[in-house]
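Spelled out, the chains give:
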Amino acid sequence: KQWYQRRVGEHLQHYYITNLIEEMSTTLTDEQVRKFESDGYLIIEDFLKPGQCDDLKRKIHDVIDDYLNLETHPRTLFTTYQANNAKPEPDKHMMTDYFLQSGDGINFFFEEGAFDKETDKLVCPKYEAINKIGHSLHTDIPEYKAVAQSETVKNICRALKMSRPVLPQSMYIFKSAGLGGEVTPHKDSSFLHTGGTRLLGLWIPLDDTDTGNGCLWFIPGSHREPPSLFMNRNADNSGCVFEGVKIRTLRRKINTCVRR
């Protein structure tokens, strides 16, 4: 009976993933490639269909229900380094073994203020208390693996002349309203060291986004500048530390860009 249920589940899963991949067959035009090379970012409308977005959101709720046990799970909070410190301080969550060992599995990181300091109980529904789930959804959750390995993603890599691309991490970021801390300006290459090899990030919002609900901001052309801040792991494996210029320098660049 268990074998039969498993095989039926595998066939249904294969059917869903096959249809999802077949529906995702977008590629980039020459004009889009030129814009990406010039600005360092590109907006692709309707990357996923509304029904696909709904399916992925439902799946992540299932993952929370199946994997997250609040009675035993560590209270690992996602926080960002202080923007005005003379020397950037490491994120608190980067000092924990839970974070350092999260690269190849499904791990939960909570928002600041998600737990009551006195009772240690959630102050909101658990689906709103989580900041992100990471960092290997593309290997452990078939529905997300289907998106990550879709023909659309492959076509984008081909159009941008990427050879032998490797997917190092994936995350689901919740951005719940009214909870959590600020995410300061940064470059992903500060966290993912590639030794000069090209680093490409795909941010796929599952809800429509604008300036009022947590959209992503860019400085056009900033991809030509090397990272000014790096996250490095301590030699004694006690955590990670940021090394580089102060974050307020990046803030000045953003303010200048916005004014222009």
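In this report, the structure presented in the accompanying data block is examined. (Residues numbered from 1 in each chain as written. Predicted model: local features only at pLDDT ≥ 70, side-chain atom pairs only at ≥ 80, totals over all residues. Heavy atoms only, no water.)

### Remarks on the pattern of salt bridges
Okay, step 1: Scanning the model with the defined rule gives nine salt bridges in all.
Okay, step 2: Across the pair D65 and K126 runs a salt bridge whose closest N-O atoms are separated by 3.1 Å. With D65 in helix 3 (residues 50-67) and K126 in helix 5 (residues 126-129), this residue pair connects regions lying 61 residues apart in the sequence.
Okay, step 3: The class of K126 is partly exposed, set by a relative accessible area of 25%.
Okay, step 4: With a closest N to O distance of 3.8 Å, R158 and E151 form a salt bridge.
Okay, step 5: Overall, the relative accessible area of 49% leaves R158 in the partly exposed class. (Salt bridge = Lys/Arg side-chain N within 4 Å of Asp/Glu carboxyl O. Helix = DSSP H or I, 4+ residues; strand = E, 2+ residues; numbered from the N terminus. Buried < 20%, exposed > 50% of the residue type's maximum accessible area, 1.4 Å probe, protein only.)

### Side note on the pairing of strand 1 (residues 106-110)
Okay, step 1: The buried count for strand 1 comes to five of five residues, which makes it a mostly enclosed element.
Okay, step 2: Neither face of strand 1 is left uncovered, since the one carrying I106, F108 and F110 and the one carrying N107 and F109 both have all their residues buried.
Okay, step 3: Across five bridges, the pairing between strand 1 and strand 2 (residues 130-135) is antiparallel. Directly across from F109, in strand 2, lies its bridge partner K132. (Pairing = 2+ DSSP bridges.)

### Digging into unusual backbone geometry
Okay, step 1: With an omega of 5°, the peptide bond running from G134 to H135 counts as cis.
Okay, step 2: Looking at the secondary structure, you find H135 in strand 2.
Okay, step 3: With phi around 60°, K161 is a residue other than glycine that occupies positive phi space.
Okay, step 4: On the secondary structure map, K161 appears in the loop between helix 8 (151-159) and strand 3 (170-173).
Okay, step 5: Of note in the backbone geometry, R164 takes a positive phi value of approximately 50° without being a glycine.
Okay, step 6: Take R164: it is sitting in the loop between helix 8 and strand 3.

### Focus on the nonpolar core
Okay, step 1: In this structure, I60, F108, I130, I133, Y144 and Y172 are the most contacted members of the largest nonpolar core, which totals 40 residues.
Okay, step 2: Top element by residues in this core is helix 3. It accounts for five residues.
Okay, step 3: The contacts of Y172, once residues within four sequence positions are left out, are L56, K57, I60, N131, K132, I133, L137, Y144 and L206. (Core = buried A, V, L, I, M, F, W, Y, C linked by side-chain atoms within 4.5 Å. Contact = heavy atoms within 4.5 Å.)

### A short note on helix 2 (residues 30-39)
Okay, step 1: For helix 2, the full list of buried residues reads V33, F36 and D39. In a view along the axis of helix 2, the buried residues occupy a sector of 150°, so they form one face of it. When the buried face of helix 2 is taken as reference, the exposed residues oriented beyond 90 degrees from it are D30, E31 and R34.
Okay, step 2: Among the structural elements, helix 8 are those in contact with the buried residues of helix 2.
Okay, step 3: Just downstream of helix 2 lies G40, where phi reads positive at about 90°. (Arc of directions from axis to C-beta.)

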